[in-house]
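Residues per chain, in single letters:
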There are 2 protein chains.
Amino acid sequence: MPIYTDLINSLPETVPFVGPETDERARGRSFAARLGANENVFGPSPFAIQAMAQAANGVWRYGDPENFDIRHALADHLHIDYNTLVVGEGIDGLLGYLTRLLVEPGVKVVTSLGAYPTFNYHVAGFGGEIITVPFIDDHEDPVALIAKAAEVGARMVYIANPDNPMGTVHSADVIQRMIDTVPDGCLLVLDEAYLEFAPEGTAPPLDTDNPNVIRMRTFSKAYGMAGARIGYAIGAPELIKNFDKVRNHFGVNRIAQAGALAALKDQRYLHEVVSLVAQGRARIGQIAGDQGLETIASATNFVAIDCGQDAGFAKQVLTHLQDNGIFVRMPFATPQNRCIRVSAGSKSDLDLLELYLPLALEAADV
Amino acid sequence: MPIYTDLINSLPETVPFVGPETDERARGRSFAARLGANENVFGPSPFAIQAMAQAANGVWRYGDPENFDIRHALADHLHIDYNTLVVGEGIDGLLGYLTRLLVEPGVKVVTSLGAYPTFNYHVAGFGGEIITVPFIDDHEDPVALIAKAAEVGARMVYIANPDNPMGTVHSADVIQRMIDTVPDGCLLVLDEAYLEFAPEGTAPPLDTDNPNVIRMRTFSKAYGMAGARIGYAIGAPELIKNFDKVRNHFGVNRIAQAGALAALKDQRYLHEVVSLVAQGRARIGQIAGDQGLETIASATNFVAIDCGQDAGFAKQVLTHLQDNGIFVRMPFATPQNRCIRVSAGSKSDLDLLELYLPLALEAADV
């Protein structure tokens, strides 16, 4: 038998998320509305789709391991230096590499209770200890996160702004104070996956001279390319260079590289999508409101609907929706798990939600 | 400043391979023939290209984290159980995960001197110690590899069959003896990336009850999808299940999943490509022979041309070829680095080789 490391032997066999396809196979039919994974149903720019379709012909070539073209384009777009950007296999992949750089057994990492499970998966997977602080009023708590990081001597403190799974947001000022107060020897991991959906003024200025913060962004959300697996991180050059010690250099799909480049160039389409998503959010609020339910104000492409009771009730609502072909998810932690989380879908997606939410609430009420 | 792990601080900033695009940018022009990265210039099945182009539309969805469809198809194709297969981001990605399962500081790993650098990169990256045995007569040495693994108490012993960078092959009997004699507590990593190019009878039977061997295969080579980043490993269910503790569950590109499924179904095209590659190998042999050079008999999609002198001479030949638009690589270790390594390219690719090899040899001779 192979001899695993002690760390591997100590890890549970949990996975961060079950995919909707797994549910579909178990149920024997497809979901009619796929609104559970914070995917962007409006998809990528037609130019990006075209670029990817064309790139399929050239897929016999490995992708450029330096990701030069897309890094160059991002550097121009963001007015930062090329060497402050690393491109990887989505934020999930980059969080894994980052964790590997900093975390080993004995290292502490601070995040919010109920924040991104895949980050916790990586930290546990490298032997780190996750220490959490609660959400306050459905927001992550920047002051408490920083205080806890200082208290325990954390090497990383994680926040998503806007947040997942609640969709709430802090202003640039609040996040800038976090950046300014991050303890020595601690890296602030600022996950901005949903930034493009948020109001102007959500992101503090990029300061790539600051070695204590790394910002994670992606083509999976507003750019509509979740299945392409391409994201990027912005940080000080030394930190970025260290990714070269651990990353899978040829790991980014060549078709994804071509698609991301085309998607980035089509900012007009991005703005259209952001507008469609805002309409979808408003409609989810209206659908929930018609049932007497409140929604959490969201700066993302999803909305947390407060089902008004406990997690057991929310779970019943979720199950009834899924039984009727609507894939949704719900937060993992109390008290956020009184909610279900619904992506800002297409009109037909939300027509289904409008039809089935009242029935799900009625069924759950029994 | 962030605090890196001691292991990370100890790692050099080398990368396993420089991509051809990096050379192209440095030279200011593209290579006319891309024959250095063991890519398959004949590309994937037209059905796979079509499947990928169509999948671009649906790339807003994450890929199925279980890779169910392609694992199911592979299980049928190979007559093995679904739970003996793990799909990942190419063999590179899978080797990284496997190494993470088994390797920590103090662990020894045996491979051949001059074998796959990316495997060594992973082993070093997790703190393992690489111990090498030499090639014999341009072949990896199965008996010496097993003996060395037993001697040093290695947790992994790696062999590629057919081999990279020389292209040589051992028969199934020889590899089966390796499998039968792998020491207790050691895992045999059998990299079969180039298997489809090799003669019938190269692969020993799949035995997924054996916990001491893992076999790595890919859609990057014979299936022509290097840029898609999708490969698979075959092993005992417990070993395969452990990948779930560390892998990036949503890491495989959805377009790659669709392409691989279509590529696997088109075995007729695969056979055509294998035949074209064999013709290309023969022609490389003829082009080299016309210059009085020998080639190493190859069971892959590339040919090592023995330039007949030392590494310095081979490097000059390589440089002259690259200066004339032909991207090739050469082995890293002595004495294999007396050779240059050339992919079995298209007719026009090899026309260029035929034109420039004599000139490169002449220039190097000075």
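Note that the structure is a prediction, hence the values are computed from the model and not measured. (Residues numbered from 1 in each chain as written. Chains lettered and ligands numbered in written order. Predicted model: local features only at pLDDT ≥ 70, side-chain atom pairs only at ≥ 80, totals over all residues.)

Concerning the packing of helix 5 (residues 90-102) of chain B against helix 6 (residues 117-125) of chain B
All names here are of chain B. Note the following rule: Angles run from 0 to 180 degrees between N-to-C directions of axes, and those axes are lines fitted to C-alpha atoms, restricted for helices to the stretch in contact. Only DSSP runs of H or I reaching four residues or more are called helices, and only runs of E reaching two or more are called strands; each is numbered from the N terminus. In this scheme, roughly parallel covers angles under 35 degrees and roughly antiparallel covers those over 145, while 65 to 115 is roughly perpendicular and the rest are oblique. Crossings are assigned a handedness: left-handed for a near helix turned anticlockwise from the far helix by less than a right angle, right-handed for a clockwise turn. For every residue pair, C-beta atoms are placed from the backbone, and the pair is scored as a contact if these atoms sit within 7 Å.
Contact pair helix 5 / helix 6: the axes reach a minimum separation of 9 Å and the direction vectors enclose 30°. Considering the angle they form, helix 5 stands roughly parallel to helix 6. The handedness of the crossing between helix 5 and helix 6 is right-handed. Across from Asp92, Leu95, Gly96 and Thr99 in helix 5, the residues of helix 6 making contact are Thr118, Phe119, His122 and Val123.

Some words on the relation of the copies chain B and chain A
What counts here: Here the copies are matched by least squares. The fit uses the C-alpha atoms of residues with pLDDT of at least 70 in both.
Expressed as a screw operation, the relation of chain B to chain A combines 0.0 Å of axial shift with a rotation of 180°, fitting to an RMSD of 0.0 Å. Between the two chains, the operation in question is that of a two-fold axis. The rotation axis passes nearest to the C-alpha of Ala53(B) in chain B, at a distance of 2.0 Å. The overlap is high: 100% of the interface residues of chain B also sit at the interface in chain A, so the same surface is used on both sides.

Considering the interface of chain B and chain A
You'll often see interface size given as the accessible area lost when the parts meet. Selection criterion: Side-chain classes follow a simple rule in which Ala, Val, Leu, Ile, Met, Phe, Trp, Tyr, Cys and Pro form the nonpolar group, Asp, Glu, Lys and Arg form the charged group, and the remainder, Gly included, forms the polar group.
Opposite the 69 residues of chain B that make contact, chain A presents 69 residues. Listing elements by their share of the side of chain B that touches chain A, those giving two or more residues are helix 2 (20-27), helix 3 (46-55), helix 5, helix 9 (237-242) and helix 10 (254-265) of chain B. Sort the elements by how many residues they give to the side of chain B that touches chain A and helix 5 of chain B lands first, with five residues. Considered class by class, the residues forming the side of chain B that touches chain A number 33 nonpolar, 19 polar and 17 charged.

Section: the sheet that holds strand 12 (residues 339-343) of chain A
All names here are of chain A. Here is the rule we go by: By definition, two strands form a pair when at least two bridges between them are found by DSSP.
The three strands lie next to each other as 9-10-12, forming an open sheet whose pairing is antiparallel. Lying at the two open borders of the sheet, with one neighbouring strand each, are strand 9 (294-295) and strand 12. On top of the sheet, helix 11 (residues 267-290) reaches strand 9, strand 10 (302-306) and strand 12; it is set at about 15° to strand 10, its chief contact.

Structural notes on the sheet that holds strand 9 (residues 294-295) of chain B
All names here are of chain B. Read across the sheet, three strands follow the order 9-10-12 without closing on themselves; strand pairing throughout is antiparallel. Only two strands of the sheet have a single partner each, and these edge strands are strand 9 and strand 12 (339-343). By the bridge criterion, five bridges tie strand 10 (residues 302-306) to strand 12 in an arrangement that is antiparallel. Bridge assignment links Ile305 to a residue of strand 12, and that residue is Ile340. Strands in contact with helix 11 (residues 267-290) are strand 9, strand 10 and strand 12; relative to strand 10, the strand with the most contacts, it is inclined by about 15°.

Observations concerning the domain arrangement of chain A
Residues and elements named next belong to chain A. Just so we agree on the cut-off: Just so you know, the domain bounds were taken from an automatic or database domain assignment.
According to the domain assignment, chain A consists of domain 1 (18-42 + 268-365) and domain 2 (46-265). A C-alpha centroid distance of 25 Å is found between domain 1 and domain 2. If you look at the interface, domain 1 gives 22 residues, while domain 2 gives 23 residues. With four residues, helix 11 is the largest single contributor of residues to the side of domain 1 that touches domain 2.

Focus on the packing of helix 3 (residues 46-55) of chain A against helix 10 (residues 254-265) of chain A
All names here are of chain A. Running from N to C, helix 3 and helix 10 cross one another at 155°; their axes reach a closest spacing of 8 Å. Compared by their axis directions, helix 3 and helix 10 come out roughly antiparallel. Here helix 3 runs over helix 10; the crossing is right-handed. When helix 3 is examined against helix 10, the residues Phe47, Ala48, Ala51, Met52 and Ala55 are found in contact with a partner set consisting of Arg254, Ile255, Ala258, Gly259, Leu261, Ala262, Ala263 and Lys265. A breakdown of the residues in the contact of helix 3 with helix 10 according to their chemical character gives ten nonpolar, one polar and two charged.

Points about the pairing of strand 10 of chain B
The two faces of the sheet receive side chains in turn, since in a regular strand these alternate between them. Residue and element names in this part refer to chain B. The test is simple: Burial is judged by counting the other C-beta atoms within 10 Å of a residue's own C-beta: 20 or more makes it buried, 12 or fewer makes it exposed, and any count in between marks it as partly exposed, with every C-beta position built from the backbone.
With four of five residues buried, strand 10 lies mostly within the body of the structure. Pairing of strand 9 with strand 10, which is carried by two bridges, proceeds in the antiparallel orientation. Residue pairing in the sheet places Glu294 in a bridge with Asp306 of strand 10. Turn length for the strand 9-strand 10 hairpin, with the two strands adjacent in sequence and antiparallel, is six residues.

Quick notes on helix 12 (residues 311-323) of chain B
Residue and element names in this part refer to chain B. What counts, and what does not: To estimate how far a helix should extend, the number of its residues minus one is multiplied by 1.5 Å. This arc is taken over the directions from the axis of the helix to the C-beta atoms.
In a regular helix each residue adds 1.5 Å, so 13 residues correspond to 18 Å; helix 12 covers 18 Å between its end C-alpha atoms and thus fits that length. Every buried residue belonging to helix 12 is among Ala314, Val317, Leu318, Leu321 and Gln322, and all of these are buried. In an axial view of helix 12, the angular spread of the buried residues amounts to 135°, which keeps them on one side of the axis. Gly325, located one to two residues past helix 12, shows a positive phi value of around 90°.

Observations regarding the environment of Pro142(B)
Residue and element names in this part refer to chain B. Within the secondary structure, Pro142 is located in helix 7 (residues 142-152). On the basis of neighbour count, Pro142 is assigned to the buried category, with 23 C-beta atoms found within 10 Å. Here the alpha-carbon distance between Pro142 and Thr111, two residues 31 residues apart in the chain, equals 9.9 Å. Those residues within four positions of Pro142 in sequence are excluded, and the remaining contacts are Ile159, His170, Val174, Ile175, Arg177 and Met178.

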